[in-house]
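These are the residues of each chain, in order.
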Amino acid sequence: MPVPDGKDAMLAITFDDGIKSHYDIAVPVLEKHGIKATFFVTINNIGKPGRITWEQVQDMQKRGMEIGNHAMTHAHLGKTLINTKGLNPEIDKIKIQQIQKKNHDLMLFELIAPKKIFEDHGITIRTLAFAGNSRPREAVKLTKENGMLPRVFETGYYSKDDEKSHAKKLDKILKKGNYTILMIHGVAEGTGGWSPLRNLEFFENIIADFTKHSDRLYIDTMAETSSYRERAENSTLTELKNNEYRLDLKNPDTISGAGKVTLALNGTYKVFVNGQEISMSGTFFNASTGDVIRLAPMKETAPEAP
Ligand SMILES: [Zn+2]
C-alpha cells in the first residue's frame, strides 16, 4: 500500500515522558517547521518539577500536537506483571487465576485508566507508548481492545547520537515504503529528560533535515500515521463491475476506522471517484472508505495518416 500522497516514506516524531522542555523548546521548533508531533505523557508526573502541567498539555493539543498515553505511573510492565511460567496449570489453577486477575487489574490501571483521566481534561487519546518500551503481548492486546494504537517499534535518538549516526538513520527513514516512529526523550543536554540529545543545535538540525525531505517524507502525528497504516493494511477493493470498485475495510473493527487512503494505478486511466473525475499526482490518487472508483482507459490516439 502506498505512502500518503504517493510519497516514499512515512515518519512520526514522538517525545516521551512529558518533560518541561518538550513544551518550552520542542514545540516552538516543530511549529517553525510546520511539523505535528506526538508527546507521550505519564499521568502521575504531570505538574511535577521539570515536567509539563495540565495547562501545557491542553495548550499543546490546541496547537495541533498529539498527546499520547504513557501510562499512569510509568511502571515497566515486563517487570511488574507476575509471571506464571513456573506454575503447574493443574495443581496451581487457583493461584494462576489470582495472578492473572492481578495482572489484568494492573494493566487496566496503568494503560486504560489514564485514557479516561486525559479525556476528563479535554485531551483526546488515540495512541499509547509503553513505559520503558516494555510491551508484553497481553498488554498490547488490551491497548488495542481499548481503542488505542500502541507504539510497538521505534527508532530512538539518544545522547550518543551525532551528525554521522543521524545521516545513517535518515537514510533508513527515507527508504521507499518505510514507516518510522522516532523516539526522543531529552531534547538537549541540560534541559531535562532521559538520554538528552547533545545540544539544541543538533535537535534543530535533525528536525530541519526531516523538513528538507518533506517532498519524499510524509510527516504527521503517530495517531495519523499509524491510523493511516492500519487503515491501508485493512483496505480492499471490491469489484462491482468491470473497471468499477468500492474501497472497503476488510475488518470494520479497525481502530483507525473509515477514512482516506492513497492508491496506486497500474496503467493509464482516467479515474472517477463517486462519479467525479479526479486529478492524479503521478500514478497516485486518494479515496476514502466506501468510495466507488471507476477507471476509464485512456483512448489511444490514432496514428496520423501519412
Ligand atoms: Zn518513558
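These numbers come from a predicted model, not from an experiment.

Basis of the calculations
Residues numbered from 1 in each chain as written. Predicted model: local features only at pLDDT ≥ 70, side-chain atom pairs only at ≥ 80, totals over all residues. Pairing = 2+ DSSP bridges. Helix = DSSP H or I, 4+ residues; strand = E, 2+ residues; numbered from the N terminus. Axes fitted to C-alpha atoms, helices over the stretch in contact; angles between N-to-C directions. Parallel < 35°, antiparallel > 145°, perpendicular 65-115°, else oblique. Left-handed = near helix turned anticlockwise from the far one by under 90°. Contact = placed C-beta atoms within 7 Å. Nonpolar A, V, L, I, M, F, W, Y, C, P; charged D, E, K, R; others polar. Expected span 1.5 Å × (residues − 1). Buried ≥ 20, exposed ≤ 12 C-beta atoms within 10 Å, placed from the backbone. Domains from an automatic or database assignment.

## Observations regarding the pairing of strand β10 (residues 244–249)
In this sheet, β10 lies alongside strand β9 (residues 235–241) in antiparallel orientation, the contact comprising 6 bridges. By the bridge assignment, E239 is partnered in β10 with Y245. The hairpin turn running from β9 into β10, its antiparallel successor, is 2 residues long, and N243 in that turn takes a positive phi close to 65°. Both β10 and strand β15 (residues 292–297) contribute to a ladder of 3 bridges, which runs antiparallel. Along β15, the bridge assignment pairs R246 with V292.

## Side note on the sheet that holds strand β13 (residues 276–277)
The strand order across the open sheet formed by 5 strands is β9-β10-β15-β12-β13, and the pairing between neighbours is antiparallel. At either margin of the open sheet sits one strand with a lone partner, and together these are β9 and β13. As defined by bridge partners, strand β12 (residues 269–273) adjoins β13 across 2 bridges and the pair is classed as antiparallel. Within β13, the residue paired with V273 across the bridge is Q276.

## Quick word on the packing of helix α1 (residues 20–32) against helix α7 (residues 200–212)
Packed helices, taken two at a time, are described by their axes: the angle between them and the distance between them. Where α1 meets α7, the closest approach of the two axes is 10 Å, and the angle between their N-to-C directions is 30°. Considering the angle they form, α1 stands roughly parallel to α7. Two packed elements cross with a definite hand, and for α1 against α7 that hand is right-handed. Residues I25, V29 and L30 of α1 form the contact with α7, whose own contacting residues are L200, F203, E204 and I207. Class assignment of the residues belonging to the contact of α1 with α7 gives a composition of 6 nonpolar, no polar and 1 charged.

## Comments concerning helix α8 (residues 222–234)
Across its 13 residues, α8 extends 18 Å between first and last C-alpha, which sits within 8% of the 18 Å expected from 1.5 Å per residue. Turning to α8, its buried residues number three or more, namely M222, A223, E224, T225, S226, S227, Y228, R231 and N234.

## A look at unusual backbone geometry
Residues other than glycine seldom take positive phi values, yet A71 does so here, at roughly 75°. On the secondary structure map, A71 appears in the loop between β3 (66–69) and α3 (77–80). A residue is classified by how many C-beta atoms lie within 10 Å of it, and A71, with 27 of them, is buried. Look at N243: it is not a glycine, yet its phi comes out positive at around 65°.

## Comments concerning the domain arrangement of the protein
Domain assignment breaks the protein into domain 1 (4–220) and domain 2 (236–297). Contact with domain 1, which involves 6 residues of that partner, is made by 5 residues of domain 2. Of the residues belonging to the side of domain 1 that touches domain 2, the class tally is 2 nonpolar, 2 polar and 2 charged.

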